[in-house]
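Per-entry structural report
Each chain, written out:
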Amino acid sequence: MSLRHLLLRTAGVSCRVMTVSSRGLSSSAGASAGPEGAAGRRRYLSALLAVGGVGGAALALAPQQAAAEAPSAEPKEPDLYDRWATIKSWLSGWRKAGPAADIPLPTDKLKCHLPAGGYSLERYHPVVLVSCGSFNPPTYMHLRMLELAQTRLTKDGYDVLGCYMSPVNDAYWKQMLAPGRHRVRMCQLATADSDSIMVDSWEAEQRQYTRTLFVLQRVQRDLAAMFGAGQAPTPAEPAAGACPAVTPRVVLVCGADVLHSMADPTMWRQDLLETLLSQHGVVCVSRNGSDTAQLLDRPGSLLHTYRRNVTLVQEPVPNEISSSRVRHELELGHSVRYLLPDAVVQYIYSHGLYNTATQRPRVLHWADRKVDRDQDA
């Protein structure tokens, strides 16, 4: 058994000890006058210290990393995901108190695209695209992925009403993950000039990490309520008539790395993945050299079972821009202009993100543009 698995198991047990101890706190407090009450308090404090020590070590582990380092001869525990989710939820609760955030879904850029010569309701298939990720920071490649997915589905006969970027919650505990409020704001700046891409901050504002399926289901529910109330979006061409009151299907847009993780049964809860693939579907945008087609040809896998709901799109223009490479350049003090929208670059430097408070490029040509200084700075 690897050290990472041992930490996860011990952390799960410690959390249960914490729960039991906290439930017995009131009874221990009532008997505080005697020696048994003092002993009970000492046991309770010991449990707290155990949770803090083991839980702190477990924070450094991602569930994907723990699965990757597990010995191949050892069978995967079916409840490892739930234990990890419990640890994340419990620890992230320290930082975000109060009820779950109720953030309205932005709909200002939703539009239907109806042919001027009319359409058949039976053949009308509206969809909305959602890209879930860290966006740490958002790059031109993130925007490019949504553009390519939108173009492909339009050619396939779908009406793409709009797209969403959903930054992951801070409880994801990814290394060098900028605070959610900054990543949301950077996404908003990156999509300010887009006529179809919006930013949904609901996931980032929750008290805990939210699985991808639940993000898609939330968007689906809000759109169903919107269309059910007769609030269909405006048509891109008013002359084509009003948009049909048909609730769009929410589809996930991802990169090849995410699709590869879906092919590994230790990386995703299979029941949730099956719901995602069967009810929503995936558009995977891959770079050159990434053979994603083979993932759909493996009999017995969920990707093979629901391969008709997976659309593969190849980036025709080689592009190696990535958030990790951008962060590396920022740490070295190199310019990242033309890798990100100018407004995002300015925001990074004005807030000192990714060690830019001490590392700045030699020359920055910002002209006379006003730097966006968010109120949360």
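Use the structure listed above.
Residues numbered from 1 in each chain as written. Predicted model: local features only at pLDDT ≥ 70, side-chain atom pairs only at ≥ 80, totals over all residues. Heavy atoms only, no water.

Describing the overall build of the protein chain
Scanning the protein chain from N- to C-terminus turns up 14 helices and 8 strands. Within the span of the protein chain, comprising 377 residues, buried residues form 44% of the whole. Taking the intrachain contacts of the protein chain between residues at least 6 apart in sequence as the baseline, contacts between residues at least 24 apart amount to 78%. Of the accessible surface of the protein chain, which amounts to about 19300 Å², a share of 53% is contributed by carbon and sulfur atoms. (Helix = DSSP H or I, 4+ residues; strand = E, 2+ residues; numbered from the N terminus. Buried < 20%, exposed > 50% of the residue type's maximum accessible area, 1.4 Å probe, protein only. Contact = heavy atoms within 4.5 Å. Areas by Shrake-Rupley, 256 points an atom, 1.4 Å probe, with all protein chains shown as cover.)

Structural notes on the packing of helix H9 (residues 212-228) against helix H11 (residues 270-279)
Axis separation between H9 and H11 bottoms out at 9 Å; the angle between their running directions is 40 degrees. Overall, the two elements H9 and H11 adopt an arrangement that is oblique. When the axes of H9 and H11 are compared, the crossing they make is left-handed. Counted together, Thr212, Leu213, Phe214, Leu216 and Gln217 of H9 and Leu272, Thr275 and Leu276 of H11 form the full contact between these two elements. (Axes fitted to C-alpha atoms, helices over the stretch in contact; angles between N-to-C directions. Parallel < 35°, antiparallel > 145°, perpendicular 65-115°, else oblique. Left-handed = near helix turned anticlockwise from the far one by under 90°.)

So, H9
Helix length check: H9 (17 residues) gives 24 Å between terminal C-alpha atoms against 24 Å at 1.5 Å per residue, within 8%. Of all the positions in H9, only Thr212, Leu213, Val215, Leu216, Arg218, Val219, Gln220, Leu223, Met226 and Phe227 are classed as buried. Looking at the buried residues of H9, the elements they touch are strand S2 (126-133), strand S3 (159-167), helix H8 (202-205), strand S6 (249-255) and H11. Following H9 by one or two positions, Gly230 has its phi on the positive side, about 80 degrees. (Expected span 1.5 Å × (residues − 1).)

Section: the state of the cysteines
Applying the stated criterion across every chain, the model contains 1 disulfide. With its sulfur 1.7 Å from that of its partner, Cys112 forms a disulfide with Cys243. For the disulfide bridge between Cys112 and Cys243, the dihedral angle about the S-S bond is near -80 degrees, and by the sign convention the bridge is left-handed. Here Cys112, found in strand S1 (residues 111-112), pairs with Cys243, found in the loop between strand S5 (234-235) and S6; they are 131 residues apart in sequence, far enough to count as distant. Here the two residues Cys112 and Cys243 agree in accessibility, since each one is buried. Of all cysteine sulfurs, the one in Cys254 lies closest to Cys284, which takes part in no disulfide; the gap is 4.6 Å. Overall, Cys284 belongs to the buried group, its relative accessible area being 0%. (Disulfide = S-S within 2.5 Å.)

Quick look at the nonpolar core
Judged by nonpolar contacts, the single largest core of 39 residues is most densely connected at Leu129, Val253 and Ile348. Element by element, the count of residues in this core is highest for helix H6 (residues 140-155), at 7 residues. Sequence-distant contacts of Ile348, that is, excluding residues within four places in its chain, are made with Pro137, Met186, Leu330, Leu340, Leu353, Tyr354 and Thr356. (Core = buried A, V, L, I, M, F, W, Y, C linked by side-chain atoms within 4.5 Å.)

Things to note about H11
For H11, the complete set of buried residues consists of Leu272, Leu273, Leu276 and Leu277. Taken down its axis, H11 places every buried residue within 130 degrees of arc, on the same side. Tucked inside the fold, the buried residues of H11 contact H9, S6, helix H10 (256-262), strand S7 (282-286), helix H12 (302-305) and strand S8 (310-314). Gly281 sits one or two positions beyond H11 and adopts a positive phi of about 95 degrees. (Arc of directions from axis to C-beta.)

Limitation: the analysis is restricted to geometry and does not speak to function.
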